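# Topology and contacts: notes
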Number of protein chains: 2
Amino acid sequence: MANPSEHIVKSYDEELKHLNSLIGRMGGLVETQLDGAIQAVLRRAPESAEVIVKGDAQVDALETEVGALVVRLLALRQPMAVDLRHIVSALKIAADLERFGDHAKSIAKRAIAISQVPRIPAPGLDRMARMVQAMIKDVLDAYLEGDTNKAVKVWRRDAEVDQLYNSLFRELLTYMMEDPRNITGCAHLLFIAKNVERMGDHATNIAETVHYQVKGTKLPDDRPKGDDPSFTIAEGQG
Amino acid sequence: MANPSEHIVKSYDEELKHLNSLIGRMGGLVETQLDGAIQAVLRRAPESAEVIVKGDAQVDALETEVGALVVRLLALRQPMAVDLRHIVSALKIAADLERFGDHAKSIAKRAIAISQVPRIPAPGLDRMARMVQAMIKDVLDAYLEGDTNKAVKVWRRDAEVDQLYNSLFRELLTYMMEDPRNITGCAHLLFIAKNVERMGDHATNIAETVHYQVKGTKLPDDRPKGDDPSFTIAEGQG
């Protein structure tokens, strides 16, 4: 402890590292939550869905921890410019991860409901979920590595998710029309698909935050979008 | 300009007032957006829905303005304790209002789609929307007046919104089962109802933030909830 100001600098740096490790842990957790929730839907496993529902509290606790650390850093360290951008970005990313986790929880709750109604084949759902899972993994890597190219790649992939959602939406309406016994199950699957689509949006938000944090500039406003998926009209209806 | 430090204090106070006025404007705007979006659904008015969709940019712009002001206040004023709580609360409230506005935009987009399919009676939707509109108005009053009693009253009303949503969800599934021509319209109405229910959650979040800002303590975790509405199984299905 020859130099007390060096000590402070080092400890500040450690706090920033701690911030990153909290974000990393949140990212790993929500990725697992998404996977578990979708598996519970596809395998009709209400017990494992319960585990996912309970697991969301951990995500929330991590977000609270990030928030507390950020307030402490802002109040005690009074960071400027780059550091301020880093800290504010971490707060935004934690908020997106928390909402990502909320969607996993909603899916898991619906997995419980859906296990009581006739099974509906939804191969598109699994594919969509895997894509979003890869997005959240890659965008967290981009954050931790400060890699904007990787972030931009994630950002571009959101259009594919939207296209898959679009197909799935139409398909589910068709199943409903074919047999009224499918209606409750399909209604839940519509919401589940929507949850996954929104998770893709959160991964995309994070990509934008990473880009802003590293470069200090925004990605263009015209986010690459598939056809706006929710608002289509299924064929065979007048 | 006898005393420069007094000048700084006054101007800081003015900045806090400006922060409140931005939040107040956001609140008024999203209240109007919700009303306009629901009217566009009920009256099958795609043109006025377009206006609502475009109007969301104003809400986003105000949130950006709040964010910029908050960063400036944090960086230049280095506020402590009560002021820090006020400023961080404003940021959270602006985020909830922005998401509230996003839901109004989603409803308006669906109003456009739904105008092309057979009309479905949904009296519960109008009632639910009016309730959420009153909640957002009252919770903003509670914020501007620092009135925690008013905030707690809003917080309690969320259970009623959930109950209305629950009934509407069941009702819409029934219409779908009765006539497959209702399916597309009802699918959109399911999402619209869900949007309104989520808006109620944001009003409730704001009530919690107001309580925390004024009292420095949290409301209990067990938010008053109706039956968890999304996850019910409609009767007549097995």
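Values in this document were obtained by computation on a predicted structure and should not be read as measured data.

Before going further, it helps to examine the overall build of chain A. For chain A, the count of helices and strands is six helices and zero strands. Secondary structure elements of chain A, listed N to C terminal, follow the sequence α-α-α-α-α-α. Of all 238 residues assigned to chain A, the portion counted as buried reaches 54%.

What follows covers the packing of helix α4 (residues 123–145) of chain B against helix α5 (residues 148–178) of chain B. Residue and element names in this part refer to chain B. Where α4 contacts α5, the two axes come as close as 9 Å, and the packing angle between them is 165°. Judged by the angle between their axes, α4 and α5 are roughly antiparallel. Like other packed secondary-structure pairs, α4 and α5 cross with a definite hand, here left-handed. Of the residues belonging to the contact of α4 with α5, the class tally is 15 nonpolar, one polar and nine charged.

Another aspect to go through is the state of the cysteines. Summed over the entire model, instances satisfying the criterion amount to zero disulfides over all chains. Summary of cysteine pairing: Cys186(A) is not part of a disulfide, and the nearest cysteine sulfur, belonging to Cys186(B), is at 14 Å.

This part covers α5(B). In this model, α5(B) (31 residues) spans 46 Å end to end at C-alpha, consistent with the 45 Å of a helix rising 1.5 Å per residue. Taking the backbone nitrogen of Asn149(B) as reference, a side-chain oxygen 3.1 Å away marks Asp147(B) as the first, capping residue of α5(B).

This paragraph deals with helix α6 (residues 183–215) of chain A. The terminal C-alpha atoms of α6(A) lie 48 Å apart, and with 33 residues this matches the ideal 48 Å at 1.5 Å per residue to within 8%. Just past α6(A), the residue Gly216(A) takes up positive phi, approximately 75°.

All right, on to the packing of aromatic side chains then. In this structure the tally under the stated criterion is five aromatic pairs over all chains. An angle of 35° between the planes, with centres 6.4 Å apart, marks the rings of Phe191(A) and Phe169(B) as tilted. Linking Phe191(A) in helix α6 with Phe169(B) in helix α5, this pair reaches from one chain into another. Across the pair, exposure class does not vary: Phe191(A) and Phe169(B) are buried alike. With 4.8 Å between their ring centres and 50° between their planes, Phe191(A) and Phe191(B) make a pair best called tilted. Of this pair, Phe191(A) sits in helix α6 while Phe191(B) sits in helix α6 (residues 183–215), on two different chains. Through a chain of ring-to-ring contacts, three or more aromatic side chains come together here, namely Tyr165(A), Phe169(A), Phe191(A), Tyr165(B), Phe169(B) and Phe191(B). Lying over the aromatic face of Tyr212(A), Arg85(A) brings its terminal NZ or CZ to 5.9 Å of the ring centre.

The rules behind each value
Residues numbered from 1 in each chain as written. Chains lettered and ligands numbered in written order. Predicted model: local features only at pLDDT ≥ 70, side-chain atom pairs only at ≥ 80, totals over all residues. Heavy atoms only, no water. Helix = DSSP H or I, 4+ residues; strand = E, 2+ residues; numbered from the N terminus. Buried < 20%, exposed > 50% of the residue type's maximum accessible area, 1.4 Å probe, protein only. Axes fitted to C-alpha atoms, helices over the stretch in contact; angles between N-to-C directions. Parallel < 35°, antiparallel > 145°, perpendicular 65-115°, else oblique. Left-handed = near helix turned anticlockwise from the far one by under 90°. Nonpolar A, V, L, I, M, F, W, Y, C, P; charged D, E, K, R; others polar. Disulfide = S-S within 2.5 Å. Expected span 1.5 Å × (residues − 1). Polar contact = N/O pair within 3.5 Å; in protein donor to acceptor, adjacent residues only side chain to side chain. Phe/Tyr/Trp six-rings, centres within 6.5 Å; stacked < 30°, edge-to-face > 60°. Lys NZ or Arg CZ within 6 Å of the ring centre and 35° of its normal.

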